[in-house]
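An overview of the molecular structure
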Amino acid sequence: MVSRSRKKRLDTRILEHELVPEHRILSLEEAAELLRTLSIKPNQLPRISINDPIVQLLGAKPGDIIEIKRRSPTAGESLYYRIVVVF
Amino acid sequence: MSYNGGRDRFESYLIDRIVMGVLPPHEINRMARVTVTRPDLYESDGSPITGGLRDPHFGAIEPGEVCPVCGNTRENCPGHFGKIDLARPVLIPYYTDYINVVLQATCRQCGRLLIPSEKAEKYRKIYRRLKEKWPKLAANFVKELRKEAAQTMECPYCGARQFRIRYTRPIIFYEERPEGETRLTPLEIRDRLEMVRDEDLELLGIDPKRSRPEWMVATVLPVPPLAVRPPITLETGMKSEDDLTHALAEIVRQNLRLKNFLSSNAPETMIEEAWITLQYVVAAYIDNELPNVYPLTQKRVRTLKTLAQRLKGKEGRLRGNLSGKRVDFSSRTVISPDPYISVNEVGVPVDIAKILTVPMRVTPYNLEEARRYVLNGPYKWPGATFVYKARSGRKIDLRYHRNYKQMAESLEVGDIVERHLIDGDIVLFNRQPSLHRMSILAHKVRVMPYKTFRLNPLVCPPYNADFDGDEMNLHVMRSEEARTEAEELLLVERHIKTPRYGGPIIGGRQDYVSGAYLLTVKNRFLTEKEVVRLLAAAGYKGELPEPAIHAPKKLWTGKQLVSLFLPKDLNYTGKAKINSGPLSCDTIDCFHDSYIAIYEGKLLMGVFDKSAIGAEQPNNVLHVIALEYGDSKARELLDTMYRMFIRMLDMRGLTISLSDVDIPPEAREKIKDLVEEAKNEIAEMIKEFEEGKLEPIPGRSLQETLELKIINRLQKLLKDAGQIATSYMDPFNDVFIMAKTGARGSDVNITQMVAMLGQQTVRGKRVWRGFRKRTLAHFKPNDLSPEARGFVKGNFRYGLRPTEVFFHAAGGREGLVDTAVKTSQSGYMQRRLMNAEQDLYTAYDGTVRDLYGQIVQFKFGEDGADPMMTYHGKAVDVDRLIERFGVLKEASK
């Protein structure tokens, strides 16, 4: 249904782009810890599509949680978490 | 029966969820108490026809009528549905969108979903998982799946060839068969929909239990009870039926016609025609504004208001009656200013206070008070309008019960007295448009004579109110909980700081600013008499401070008086508004008195102006006090010190006259020379342009270059003229004071009054259109000179030339149009944002979530700070901390 076959070659330089914040896949333990501290289920997290270029570059799979380190005008640096989904 | 009028006699339940589905035909049959077969309503003797649309079985609506179905009178009869058995099925508009989906995705022969079974099984698994966790994603998934099914041209189950289905809104379906396009009848459609299996519907995002697709093709139509479509009796005694009744009568009529054709074996074409007509009439009954459907009318002129029209739009059921409920115990009138009431108060006219009432439960402690109110009766303030006797459960209207004395004596504990609004009651006050939470604030009532609501002018900014005829609304809260909540959360002083950007939204404007400046200027020395008058205005009760000058006369400075009201340990430094241009200083070492320094609650130097006491000025003195000493301290300042500023103006006077905006002839001569000079330079440029000698700016055409250069030169001329003019003016005249302190007006306004208006523009360009090749008939064609293209060298003091008036009006008109367009557009944009975000909330763990519990932010605003409690967005301002607790370095020496 989703044409996942068309694997475009992704340009790794986007990782270095100034406007692209740092992304990282959480390990299973970290993910469990995160869900525990927030006391939420994974489906309550914000989503990110598997088709997102960064997700593809990281090689994340559906269900993975991605940690994003963003620059913030109020807090200096802030962490954001998104769960990889099929769409 | 208790005080709420007996509402608690009924059982009550909490609604836990609402599920929508399609009303199935068997359900319609079950509900129906009448089958409507006749289009007319009354017999010749005036009694309703059985089997007509006024059949009494639709429920009792006349006074005294007893319902033949439930035996109730009209107060308690809930109304009962009827039905119309349609001779042939009919498509219902809006459902056709779903019908389209099902037709497209299923086989025309066997009704199976056009996806092979193994694949469908896989999809089902994915769909169920998604639906459980991410309903939104499941909807997207279904969309993709539908697309895939619709593209399959051969059924994977029975092998039947599929044809493309074309759907024309609102109710027509064609099938593109090889022999040509054929219209699908509702009967054929219904047959196909019936074949579709429940498990296939699931994958199409349809719940087969609640919404079988064949139910969307109506075989029987529900007829709403009479209470939904009540007939009205006109004064003439004529009965007039509701629009829905008219529409339903038309359906019955067309249905009857079709039925007759069918039973009399009429030619197929006639049957076809009657059927199609019936379909359109039913469509119009649902929505009379559908495209390609003839609207139902009354006598061919008035289009009927059918079901959709009742719900739709601003005055429809949803926006008009559900979101827009009307309330009792509210009032609206013109507002006028009263600086001598507290900012927490609102002046309420006695006439209004006698109508708005508060229920007061009689206790041993307020029995005497309650008696006083009852004794005064409904027409004498402070009185009471109703008494509710607990013992007998009766409500007594004091307007008709003249013996107040007896009533007062019979009062006992437990009774409830509806008493007039009195001083100190908490009410909500509001001004539209309510764009903010500060558009509705709680005030304390102050009953006053005359007919307007009185409002302290300091609370104008949150409401964006002025007194040129503005009206405001007032709501009385009737429960103790509501009043307490409003007082704690909504009281004006709780909203001195705005949650929007971390600054004060309440504060001085206009006269407060000029007054504060005039009181605190360096050269202000006040005699004892003046000091006493000022302090009396503020309600000061303490000792007079030591005078600044003892001999020959005791004199005080304005700064001393201001210092009396500041917190005793306040340290503050900051620039004043006048700190700009020739009066600017960057450090505390300031000759111009434009750098404010407060040390231990004493205003040592600097003037108070907009930057110190003004509204919407983050980190000013008022803001810092509200943050560090609390809202009530800031309110106290607004109710005392600020009154002194107004009194200062009363004493000194503030006015402007022509002489304030006049300059000597030599200055005017100088400006004239400047104009001449600029004109010559521009003439030179134009000449160069015409001769083709002008160097274009890169990326611009020659014409653009010339325009740019001319505009720049004229800009400079305006600036220079303004400077010359102001240099000849008295820097202490009232026009200047107002502009510099930020009370009213700007440098531009002064320049326009004294020197010249400058270039007028239309759409960002010099005025160019009007006549062919020229702006006005006063100029030659293609004249590019400043005066021919909207440059106004006249000023408001000496007047404009006729052509200048025209150009000024052209520019001014554009400004008006712009503001009108901008406000409506940005208003709509804001409305959409509000609707999108209104359900977000900050949970107790600091995360921001939507109403489904989905996380939106992991920490509110990423730093978790409440902007209302910040220094202009900074939760911790280190510089301010040092200033507050550290020593003022220079000033303390």
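Higher on the page you've got the structure.
All values derive from a computational prediction rather than experimental measurement. (Residues numbered from 1 in each chain as written. Chains lettered and ligands numbered in written order. Predicted model: local features only at pLDDT ≥ 70, side-chain atom pairs only at ≥ 80, totals over all residues.)

1. Thoughts on the nonpolar core
Residues and elements named next belong to chain B. Judged by nonpolar contacts, the single largest core of 100 residues is most densely connected at Val 348, Ala 516 and Met 644. The leading source of residues in this core is helix α24 (residues 702–727), at seven residues. Not counting chain neighbours up to four residues away, the residues in contact with Val 348 comprise Ala 353, Leu 421, Val 445, Arg 446, Val 447, Met 448, Phe 453 and Leu 474. Within the second largest apolar cluster, 77 residues are counted, among which are Val 142, Leu 145, Leu 221 and Ala 274. (Core = buried A, V, L, I, M, F, W, Y, C linked by C-beta atoms within 7 Å. Buried ≥ 20, exposed ≤ 12 C-beta atoms within 10 Å, placed from the backbone. Helix = DSSP H or I, 4+ residues; strand = E, 2+ residues; numbered from the N terminus. Contact = placed C-beta atoms within 7 Å.)

2. What to know about the pairing of strand β3 (residues 172–177) of chain B
Residue and element names in this part refer to chain B. Judged from the four bridges that link them, strand β2 (residues 165–168) and β3 form a sheet pairing that is antiparallel. Residue pairing for β3: Thr 168 is matched across the bridge by Ile 172. Bridge count between β3 and strand β4 (residues 180–183): four bridges; the pairing is antiparallel. Considered in β4, the bridge of Glu 175 is made with Thr 182. Here β3 folds back onto β4, and the loop between the two strands holds two residues. (Pairing = 2+ DSSP bridges.)

3. So, unusual backbone geometry
Excluding glycine, most residues fall at negative phi; most peptide bonds, likewise, are trans. Residue and element names in this part refer to chain B. Here the residue pair Gln 432 and Pro 433 is connected by a cis peptide bond, since its omega of -5° sits within 30 degrees of zero. As for its placement among the helices and strands, Pro 433 is situated in the loop between β16 (426–430) and β17 (440–448). Residue Pro 552 is reached from Ala 551 by a cis peptide bond, and omega for that bond is 5°. Tracing the backbone through its elements, the reader meets Pro 552 in the loop between α17 (528–538) and β23 (556–557). Positive phi outside glycine occurs at Tyr 94, with the angle close to 75°. Turning to its location among the elements, Tyr 94 is positioned in the loop between β1 (82–91) and α2 (95–105). Residue Tyr 94 is classed as partly exposed on the basis of its C-beta count, with 15 C-beta atoms lying within 10 Å.

4. A look at the interface of chain B and chain A
Facing the 19 residues of chain B at the interface are 16 residues of chain A. Looking at which element gives the most residues to the side of chain B that touches chain A, the answer is helix α4 (residues 135–151) of chain B, with six residues. Looking at the side of chain B that touches chain A, its residues break down into seven nonpolar, five polar and seven charged. (Nonpolar A, V, L, I, M, F, W, Y, C, P; charged D, E, K, R; others polar.)

5. Observations regarding the packing of α24(B) against helix α26 (residues 747–754) of chain B
Residues and elements named next belong to chain B. One can describe the packing of α24 onto α26 by two numbers: an axis separation of 9 Å at closest approach and a directional angle of 80°. As summarised for this structure, α24 and α26 are arranged roughly perpendicular, according to the angle between their axes. For the pair formed by α24 and α26, the contact residues are Leu 718, Gly 722, Ala 725 and Thr 726 on the first element and Asp 747, Ile 750, Thr 751 and Val 754 on the second. Split by residue class, the contact of α24 with α26 holds four nonpolar, three polar and one charged. (Axes fitted to C-alpha atoms, helices over the stretch in contact; angles between N-to-C directions. Parallel < 35°, antiparallel > 145°, perpendicular 65-115°, else oblique.)

6. Remarks on helix α16 (residues 511–520) of chain B
Residues and elements named next belong to chain B. Burial within α16 is extensive, with nine of its ten residues counted as buried. Of the positions making up α16, those classed as buried are Tyr 512, Val 513, Ser 514, Gly 515, Ala 516, Tyr 517, Leu 518, Leu 519 and Thr 520. If you follow the buried residues of α16, they end up packed against α18 (558–563), β26 (602–605), α19 (610–613), α22 (641–652) and α25 (734–741).

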